[in-house]
Amino acid sequence: MAANAAGLHHDLAHGNTLALLMYVMVFFAIWWAWVSYTWFASAYDPQDTSFRLTTFIIMAGVLVLAAGVPLAEAGVDYRMIVIGYMIMRFAMIPLWLRVAQEDPPRRTGARFYALGILVVQALWVAWVLWVPRGTPKMLVVAALAALEMYLPVYAQRFGRTPLHPHHMAERFSLFTIIVLDEVLLATTQGITAVLDIHKLTPELVMLIVGSFLIVVTTWWFYFKTELGDLLTEDCRDVFNLIHFLIFASVAALGAGLGMMVDMVQHEAHLNVTNANMILGSILRSIC
């Protein structure tokens, strides 16, 4: 997420607002791999050696994906990010096959999960290797992302996996804290870099205070409601979609605040009106 947000910060500061589309595409890969594993780990949590080794493989996939973020955001090469994503997704197949063996009431759905993951990953490979260059990237990515999200919706028809609402709410809450921490870290690093060269100005002081208040307010509103009481069987998919918007928007907030630091120091290649519109759009998406 940090690499993705850093790339967005650089593009926004140079007036490239279309980078938001690439940012969303990369963030989807990060979020969907995480959320798929999280739902599984909440429903089935054996904590034995094979499960932990699979978790290590998924973590390795995260590192590969992160290494491919700069090239993907530059539109140069998507192979590394797709490989990292596929490592995380392929690691889920033996987990679902294990469910098919050990949880007979949900065997059909578990097999569908395993087969569906395999098929969709094959389509991602086909996109990277064989889709003609003239084909709109975002349309293909949107179609494949829709297939990824539809897979659990259809598979749950064969038997819903166990739901532990308060455990899932805790996992999502922890992820939110991590994203907010990265926003604070990215903003602090940007301000520190500025102070190494320039003096502390009134505009920069106002930006520091405003950035802190924005992050604290975001944290306050998110944790104002006990999410575990709202999560039910019928709203799993809505819960996922809303949190995708929340996570992507909060992570983009760090890029937006970094862009404002550049604006204060007159290092950004866009005017104040456009910068305010971009930051305002990010804040509205969070709300």
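Above this text is the structure in question.
Residues numbered from 1 in each chain as written. Predicted model: local features only at pLDDT ≥ 70, side-chain atom pairs only at ≥ 80, totals over all residues. Heavy atoms only, no water.

Across its full length, the protein chain holds twelve helices and zero strands. The secondary structure elements of the protein chain, listed N-terminal to C-terminal, are α-α-α-α-α-α-α-α-α-α-α-α. Buried residues in the protein chain amount to 46% of all 287 residues. Pairs at least 24 apart in sequence give 76% of the contacts found in the protein chain among residues at least 6 apart. Carbon and sulfur atoms make up 69% of the accessible area of the protein chain, which totals about 14900 Å². (Helix = DSSP H or I, 4+ residues; strand = E, 2+ residues; numbered from the N terminus. Buried < 20%, exposed > 50% of the residue type's maximum accessible area, 1.4 Å probe, protein only. Contact = heavy atoms within 4.5 Å. Areas by Shrake-Rupley, 256 points an atom, 1.4 Å probe, with all protein chains shown as cover.)

Quick look at the pattern of salt bridges now. The final tally for this structure, using the stated rule, is five salt bridges. A salt bridge links Glu148 to Arg89, with the shortest nitrogen-to-oxygen separation between them at 3.1 Å. Of the two residues, Glu148 is situated in helix H7 (residues 137-155) and Arg89 in helix H4 (residues 79-90); the sequence distance between them amounts to 59 residues. On the accessibility criterion, Arg89 (3% relative accessible area) is buried. Put simply, Asp48, Arg98 and Glu102 are held in one network by salt bridges that share partners. (Salt bridge = Lys/Arg side-chain N within 4 Å of Asp/Glu carboxyl O.)

So, about the packing of H4 against helix H6 (residues 107-130). Relative orientation of the contacting elements H4 and H6 amounts to 175 degrees, with a least axis distance of 11 Å. As summarised for this structure, H4 and H6 are arranged roughly antiparallel, according to the angle between their axes. Mapping the contact onto sequence places Arg79, Val82, Tyr85, Met86, Arg89 and Phe90 in H4 and Ile117, Leu118, Gln121, Trp124, Val125, Trp127 and Val128 in H6. (Axes fitted to C-alpha atoms, helices over the stretch in contact; angles between N-to-C directions. Parallel < 35°, antiparallel > 145°, perpendicular 65-115°, else oblique.)

Let us now look at H4. Its twelve residues give H4 an end-to-end C-alpha distance of 16 Å, which sits within 8% of 16 Å, the value for a rise of 1.5 Å per residue. Among all positions in H4, only Ile81, Val82, Gly84, Tyr85, Met86, Met88 and Arg89 are buried. (Expected span 1.5 Å × (residues − 1).)

Okay, helix H5 (residues 92-102) next. Among the residues making up H5, those that are buried are Met92, Ile93, Leu95, Trp96, Val99 and Ala100. One side of H5 holds all its buried residues, which, seen down the axis, span an arc of 165 degrees. Within H5, the exposed residues directed more than 90 degrees away from the buried face are Gln101 and Glu102. (Arc of directions from axis to C-beta.)

On to the packing of H4 against H5, then. At a minimum axis distance of 5 Å, the contact between H4 and H5 shows a crossing angle of 15 degrees. Compared by their axis directions, H4 and H5 come out roughly parallel. Contacts between H4 and H5 involve Met88, Arg89 and Phe90 from the first element and Met92, Ile93 and Pro94 from the second. Tallied by class, the residues present in the contact of H4 with H5 amount to five nonpolar, no polar and one charged. (Nonpolar A, V, L, I, M, F, W, Y, C, P; charged D, E, K, R; others polar.)

Scanning the entire structure with this criterion turns up one cavity of 30 Å³ or more. Within this model, the largest cavity holds a volume of roughly 120 Å³. As for the largest cavity, its lining consists of Met25, Val26, Phe28, Ala29, Tyr78, Ile81, Val82, Tyr85, Trp124, Trp127 and Val141. For the lining of the largest cavity, the secondary structure elements donating two or more residues are helix H2 (19-43), H4 and H6. A per-element tally of the lining of the largest cavity places H2 first, with four residues. A class-by-class count of the residues in the lining of the largest cavity yields eleven nonpolar, no polar and no charged. (1 Å grid on protein atoms, 1.4 Å probe; cavity = no way out; pocket = protein on both sides within 12 Å on 5 of 7 lines; lining within 4 Å. Points joined across faces, edges and corners; volume = space filled by probe spheres on them.)

This paragraph deals with the packing of aromatic side chains. As enumerated under the stated definition, the model contains 28 aromatic pairs in all. An angle of 80 degrees between the planes, with centres 5.9 Å apart, marks the rings of Trp124 and Trp127 as edge-to-face. Remark: Trp127 and Trp124 occur in helix H6; sequence separation between them is three residues, near one turn of the helix. Its relative accessible area of 6% is what places Trp124 among the buried residues. When its relative accessible area of 9% is taken as the criterion, Trp127 is described as buried. When the ring of Phe175 is compared with that of Phe247, the centres are 4.5 Å apart and the planes differ by 45 degrees; the resulting orientation is tilted. Note that Phe175 is positioned in helix H8 (residues 165-195) and Phe247 in helix H11 (residues 236-264), a separation of 72 residues in sequence. Classification of Phe175 by relative accessible area gives buried; the value is 8%. (Phe/Tyr/Trp six-rings, centres within 6.5 Å; stacked < 30°, edge-to-face > 60°.)

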